[in-house]
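In case you want the letters, here they are:
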Amino acid sequence: MLSVGDEAPDFELQDQDGETVSLSDYRGDYVVVYFYPRANTPGCTTEACGFRDEWDEFEKRDVAVLGVSDDPVSDLKEFEDDHDLPFPLLSDEDGEVASAYDSYGEKNMFGNTFDGVFRNTYVVGPDGDIVLAYEGVSPEGHAEEILSDVEELDA
């Protein structure tokens, strides 16, 4: 897990519309970079819809949100459409960006071992350094938790 104070690794990934999105595009703002295992699964849907439901508050605070998974672009487009998500969903099919954020590796589920994305979240500050880090987050209420913590940063 990367730590508060570390420089956030820059990246360029395709979003759900096939457009290239770079972390450096958001320099000067707070950016939530959240990693999630799989689009349209229960936990990932809960987490994404939490960000959607709090979207007005994120916008008021000039906080961008980027969701990252190893899903292909086509799956991300379906996820966006199914849940009316207002923020970019980024495709990291080879897990390279998630790996740079210590959010990719071996997982075990139902007796099977495979490589996949860990549910971690980072908030990158205006200067490009990590200001908040959350490991193994619970999807329920995560967006509200981040809003509260970002508010404390500015207090």
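- Under the annotation held in an unreviewed UniProt entry, the chain carries the name thioredoxin-dependent peroxiredoxin and is attributed to Halopelagius longus.
- Its UniProt record gives the chain a comment under Sequence similarities (unreviewed entry), which states: "Belongs to the peroxiredoxin family. BCP/PrxQ subfamily."

Section: the overall build of the chain
Reasoning step 1: In terms of helices and strands, the chain carries five helices and nine strands.
Reasoning step 2: Beginning at the N terminus, the succession of helices and strands in the chain can be written as β-β-β-α-α-β-α-β-α-β-β-β-β-α.
Reasoning step 3: Here the C-alpha atoms of the chain give a radius of gyration of 14 Å, agreeing with the 15 Å that 2.2 N^0.38 yields for 155 residues.
Reasoning step 4: Sorting the 155 residues of the chain into buried and exposed places 49% on the buried side.
Reasoning step 5: Within the chain, contacts between residues at least 6 apart in sequence are counted, and of these 62% link residues at least 24 apart.
Reasoning step 6: When the accessible surface of the chain is split by element, carbon and sulfur atoms take 42% of a total near 7,400 Å².
Reasoning step 7: When the 8 positive and 41 negative side-chain charges of the chain are each reduced to one mean point, those points stand 4 Å apart.

With respect to the sheet that holds strand 1 (residues 12–15)
Reasoning step 1: Spatially, the seven strands line up as an open sheet ordered 2-1-5-4-3-8-9, and their pairing is mixed. Edge strands, defined here as strands with exactly one partner in the open sheet, are strand 2 (20–22) and strand 9 (130–134). Along the sheet, successive strands turn relative to each other by an average axial angle of 30°, direction set aside.
Reasoning step 2: Relative to strand 9, strand 8 (residues 121–124) runs antiparallel, the two sharing four bridges. Among the inter-strand pairings, Thr121 is bridged to a residue of strand 9, identified as Tyr134.

Describing the state of the cysteines
Reasoning step 1: Per the counting criterion, the structure on display carries zero disulfides.
Reasoning step 2: Here Cys44 stays free of any disulfide, with the sulfur of Cys49 as its closest cysteine sulfur at 11 Å.
Reasoning step 3: Given the relative accessible area of 11%, Cys49 is considered buried.

Some details on the side chain of His142
Reasoning step 1: Along the chain, His142 turns up in helix 5 (residues 142–153).
Reasoning step 2: Residue contacts for His142: discarding those within four places in its chain leaves Glu47, Phe51, Thr121, Tyr134 and Val137.

A word on a nonpolar patch on the surface
Reasoning step 1: A grouping of Met109, Phe110 and Phe114 is seen on the molecular surface, where their side chains present a nonpolar patch of about 360 Å² in accessible area.
Reasoning step 2: With respect to the secondary-structure elements, Phe110 resides in the loop between strand 6 (104–109) and strand 7 (112–117).
Reasoning step 3: We classify Phe110 as exposed; its relative accessible area is 79%.

Describing the UniProt feature "active site" (unreviewed entry) in the chain
Reasoning step 1: UniProt tags Cys44 as "active site" (unreviewed entry).
Reasoning step 2: In this fold, Cys44 is placed in helix 1 (residues 42–53).
Reasoning step 3: Residue Cys44 is classed as buried on the basis of its relative accessible area of 1%.
Reasoning step 4: Residues within four places of Cys44 in sequence aside, it is in contact with Tyr36, Pro37, Arg38, Phe79 and Arg119.

Considering the pairing of strand 1
Reasoning step 1: Two strands pair when backbone bridges link them, and strand 1 and strand 2 are joined in this way by three bridges, in the antiparallel orientation. Residue pairing in the sheet places Glu12 in a bridge with Ser22 of strand 2.
Reasoning step 2: In sequence, strand 1 turns back onto strand 2 through a hairpin of four residues, with Gly18 there showing a positive phi of about 80°.
Reasoning step 3: Bridging between strand 1 and strand 5 (residues 89–91) involves two bridges; their strand directions are antiparallel. Among the inter-strand pairings, Gln14 is bridged to a residue of strand 5, identified as Ser91.

Reading the values: the criteria
Here the residue numbering is sequential within each chain, running from 1 through the sequence in written order. Totals for whole chains, interfaces and linings use every residue, but because this is a predicted model, local features are given only for residues with pLDDT of at least 70 and side-chain atom pairs only at 80 or more, for both listing and counting. The basis for every side-chain value is the complete set of non-hydrogen atoms in the structure, without hydrogens or water. UniProt positions are given in the numbering used here, feature names are shortened, and annotations may be inferred rather than shown by experiment. Helix and strand assignments come from DSSP, with helices taken as H or I runs of at least 4 residues and strands as E runs of at least 2, each series counted from the N terminus. As a reference, a globule follows 2.2 Å times the number of residues to the power 0.38, and the radius of gyration itself is taken over C-alpha atoms. For every residue, the accessible area obtained with a 1.4 Å probe (protein chains only) is divided by the maximum for its type, and the residue is called buried under 20%, exposed over 50%, and partly exposed between those limits. Residues count as neighbours in contact if any of their non-hydrogen atoms are within 4.5 Å of one another. Per-residue accessibility takes into account occlusion by the displayed protein chains alone, with areas from the Shrake-Rupley method and a 1.4 Å probe. Asp and Glu count as negative and Lys and Arg as positive, but His and the ends of the chain are not part of the count. Charge placement uses NZ in Lys and CZ in Arg. For Asp and Glu, CG and CD serve respectively. One requirement defines pairing of two strands: DSSP has to find at least two bridges between them. The convention used is that axes are lines fitted to C-alpha atoms, helices contributing only their stretch in contact, and that angles between N-to-C directions extend from 0 to 180 degrees. Criterion for a disulfide: a pair of cysteine sulfur atoms at a distance within 2.5 Å. Each patch is assembled from residues with relative accessible area greater than 30% and no salt bridge, linking like charges that lie within 9 Å and nonpolar side chains (Val, Leu, Ile, Met, Phe, Trp, Tyr) that lie within 5 Å. Any carboxyl oxygen of Asp or Glu that lies within 4 Å of a side-chain nitrogen of Lys or Arg is treated as forming a salt bridge with it.

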